[in-house]
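Report on the structure
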Amino acid sequence: MVRISSSHIVVLDVNRRNVPVDRRFLEIRYHPPDRWSIVRCEPREIQRVGRIFPLTYAVCPTCRHREAFPADAKELTCERCKKTALLAWEEMS
Ligand SMILES: [Zn+2]
C-alpha cells in the first residue's frame, strides 16, 4: 500500500510485499545524488533564455554545474569539478 497521509509524506510498505509506486512522485525525493540529472527545456523557456542554452542539458551531481551532452552519451565529465558520472537516462519522463 502507498498511503499519502499528507502532501509531504509517503508511507511505503515495501518489507512485506513488492509494491508498485508512482515513480513520478518518488523522483522528487529519492533522486540519486551520484548521477547527472537530465533536464529538458520547454520551447517556451528556450525563447525566454535565448539561443545560447541547449534544449537538453545535464546537471552535475556534485557541483550542480549545467552542461550540454551528446545524445548518445552514457556518462559525462563535468567541466567545472572534473567529476565523471553516469547520466540518469531512465529518469527521463
Ligand atoms: Zn561538477
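Above: the structure in question.
Owing to the predicted nature of the structure, the values given are computational and were not obtained by experimental measurement. (Residues numbered from 1 in each chain as written. Predicted model: local features only at pLDDT ≥ 70, side-chain atom pairs only at ≥ 80, totals over all residues. Heavy atoms only, no water.)

Re the pairing of strand 4 (residues 56-59)
Two strands pair when backbone bridges link them, and strand 3 (residues 37-40) and strand 4 are joined in this way by four bridges, in the antiparallel orientation. The residue of strand 4 that forms the bridge with S37 is V59. Where strand 4 meets strand 5 (residues 66-67), two bridges bridge the pair, whose relative direction is antiparallel. Within strand 5, the residue paired with V59 across the bridge is R66. Hairpin connection between strand 4 and strand 5: a loop of six residues separates the two successive antiparallel strands, and R64 in this loop has a positive phi of roughly 65 degrees. (Pairing = 2+ DSSP bridges. Helix = DSSP H or I, 4+ residues; strand = E, 2+ residues; numbered from the N terminus.)

Regarding the pattern of salt bridges
In this structure the tally under the stated criterion is one salt bridge. Salt-bridge contacts for E90 lead to R35; the nearest nitrogen and oxygen are separated by 2.2 Å. Of this pair, E90 sits in the segment after strand 7 (84-86) while R35 sits in the loop between helix 1 (23-29) and strand 3, placing them 55 residues apart in sequence. Judged by relative accessible area, which is 17%, R35 ranks as buried. (Salt bridge = Lys/Arg side-chain N within 4 Å of Asp/Glu carboxyl O. Buried < 20%, exposed > 50% of the residue type's maximum accessible area, 1.4 Å probe, protein only.)

Notes on the coordination of the zinc ion
Protein coordination at the zinc ion comes from C60 (SG), C63 (SG), C78 (SG) and C81 (SG), with a distance range of 2.3 Å. Around the zinc ion, the four donor atoms sit at angles spanning 107 to 116 degrees, and that spread fits a shape best called tetrahedral. The exposure class assigned to C81 is partly exposed, which follows from its relative accessible area of 30%. (Donors = N, O, S within 2.8 Å, 3.2 Å for Na, K, Ca; no water. Tetrahedral: all angles 85-135°; square planar, octahedral: opposite > 155°, others 65-115°.)

Regarding the packing of aromatic side chains
Two descriptors summarise a pair of aromatic rings, namely the distance from one centre to the other and the angle between the planes of the rings. Within this structure, the stated rule accounts for one aromatic pair. Seen in terms of ring centroids, F69 and W89 are 5.6 Å apart; in terms of plane orientation they differ by 75 degrees. Their pairing is edge-to-face. Note that F69 is positioned in the loop between strand 5 and strand 6 (75-77) and W89 in the segment after strand 7, a separation of 20 residues in sequence. Residue classification places W89 among the partly exposed positions, given a relative accessible area of 31%. (Phe/Tyr/Trp six-rings, centres within 6.5 Å; stacked < 30°, edge-to-face > 60°.)

Section: the sheet that holds strand 5
Overall, antiparallel pairing links the three strands, which are arranged 3-4-5 in an open sheet. Pairing within the sheet leaves two strands with one partner each, and these edge strands are strand 3 and strand 5.

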